[in-house]
Amino acid sequence: MIAEALEHLVRGIVDNPDDVRVSAKTLRRGDLLEVRVHPDDLGRVIGRGGRTARALRTVIGALATDGPVRVDVVDVDRR
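What this report covers is the structure whose coordinates are included nearby. As the structure is a computational prediction, the values presented were derived from the model and not from experiment. All residue numbers refer to positions counted from 1 along the written sequence of the respective chain. Only residues with pLDDT of at least 70 get local features here, since the model is predicted, and only at 80 or more are side-chain atom pairs given and counted; chain-wide, interface and lining totals rely on the full set of residues. Calculation of side-chain values draws on the structure's entire complement of heavy atoms; hydrogens and water are dropped beforehand.

**Some points on helix 3 (residues 51–63)**
- Secondary structure follows DSSP: runs of H or I at least 4 residues long count as helices, runs of E at least 2 residues long count as strands, and numbering of each begins at the N terminus. To estimate how far a helix should extend, the number of its residues minus one is multiplied by 1.5 Å. Between its first and last C-alpha atoms helix 3 spans 19 Å; for 13 residues at 1.5 Å apiece the expected length is 18 Å, and the two agree.
- Throughout, exposure labels follow a simple rule: accessible area from a 1.4 Å probe, protein chains only, divided by the maximum for the residue type, with under 20% read as buried, over 50% as exposed, and the rest as partly exposed. Listing the buried residues of helix 3 in full gives Ala-53, Leu-56 and Ile-60. Down the axis of helix 3, the smallest arc covering the buried residues is 60 degrees, so these residues share one side. Seen from the open side of helix 3, the exposed residues pointing more than 90 degrees away from its buried face are Arg-51, Thr-58 and Ala-62.
- Here, residues are in contact when the closest pair of their heavy atoms is within 4.5 Å. The elements touched by buried residues of helix 3 are helix 1 (2–13), strand 2 (30–36), helix 2 (42–46) and strand 3 (69–74). This arc is built from the directions going out from the helix axis to the C-beta atoms.

Okay, here's the thing in structure tokens:
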């Protein structure tokens, strides 16, 4: 449910909503949500000074009821 909410939020921000992918992983310290977007939309998701990414993390953290959730915006050129 949290992954779908994050995907919905990110799709509203980007210019290429069909390229948005959110993958969920369960780690020892909590859940990890990785957001992958079109390379042209990476700046929009991160925002100026990281404000948009920080706001997304705050909203998702407030929605999380099962414990800590980490949100990472993955640069597709890096991996």
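**Some words on the sheet that holds strand 3**
- The three strands lie next to each other as 1-2-3, forming an open sheet whose pairing is mixed. On the outer flanks of this sheet lie strand 1 (21–27) and strand 3, each paired with one strand and no other. Across this sheet, the average inter-strand angle for adjacent strands is 20 degrees, counted without regard to direction.
- Taken strand by strand, helix 1 contacts strand 1, strand 2 and strand 3, and its axis lies near 30 degrees from that of strand 2. Two strands make a pair as long as DSSP finds a minimum of two bridges between them. Angles here are taken between N-to-C directions and fall from 0 to 180 degrees, while the axes themselves are lines fitted to C-alpha atoms, restricted in helices to the stretch in contact.

**Brief notes about the pattern of salt bridges**
- Within this document, salt bridges are pairs made up of a side-chain nitrogen of Lys or Arg and a carboxyl oxygen of Asp or Glu, the two lying within 4 Å of each other. Taken as a whole and judged by the stated rule, the model has five salt bridges.
- Residue Glu-7 pairs with Arg-11 through a salt bridge whose shortest N-O separation is 2.8 Å. Taken together, the positions of Glu-7 and Arg-11, both in helix 1 and four residues apart, correspond to about one turn of that helix.
- The class for Glu-7 is partly exposed, based on a relative accessible area of 22%.
- Two residues, Asp-72 and Arg-70, come together in a salt bridge whose shortest N-O distance is 2.7 Å.
- Overlapping salt bridges, with partners in common, bring together Lys-25, Glu-34 and Arg-36 in one network.

**A word on the side chain of Asp-41**
- Inspection of the secondary structure puts Asp-41 in the loop between strand 2 and helix 2.
- It is Arg-44 that comes nearest to the buried, bridge-free Asp-41 among opposite-charge side chains, at 4.5 Å. Positive residues here are Lys and Arg, negative ones are Asp and Glu, while His and the chain termini are left out of the count.

**Some points on the nonpolar core**
- Nonpolar core, defined: a set of buried Ala, Val, Leu, Ile, Met, Phe, Trp, Tyr and Cys residues in which side-chain atoms within 4.5 Å join the residues together. Leu-6, Val-10, Val-22, Leu-33, Val-35 and Val-37 are the most contacted members of the largest nonpolar core, which totals 16 residues.
- For this core, the secondary-structure elements that each account for two or more residues are helix 1, strand 2, helix 2 and helix 3.
- Tallying contributions element by element places helix 1 first for this core, with four residues.
- Residues within four places of Val-10 in sequence aside, it is in contact with Val-20, Val-35, Val-37, Val-45 and Leu-56.

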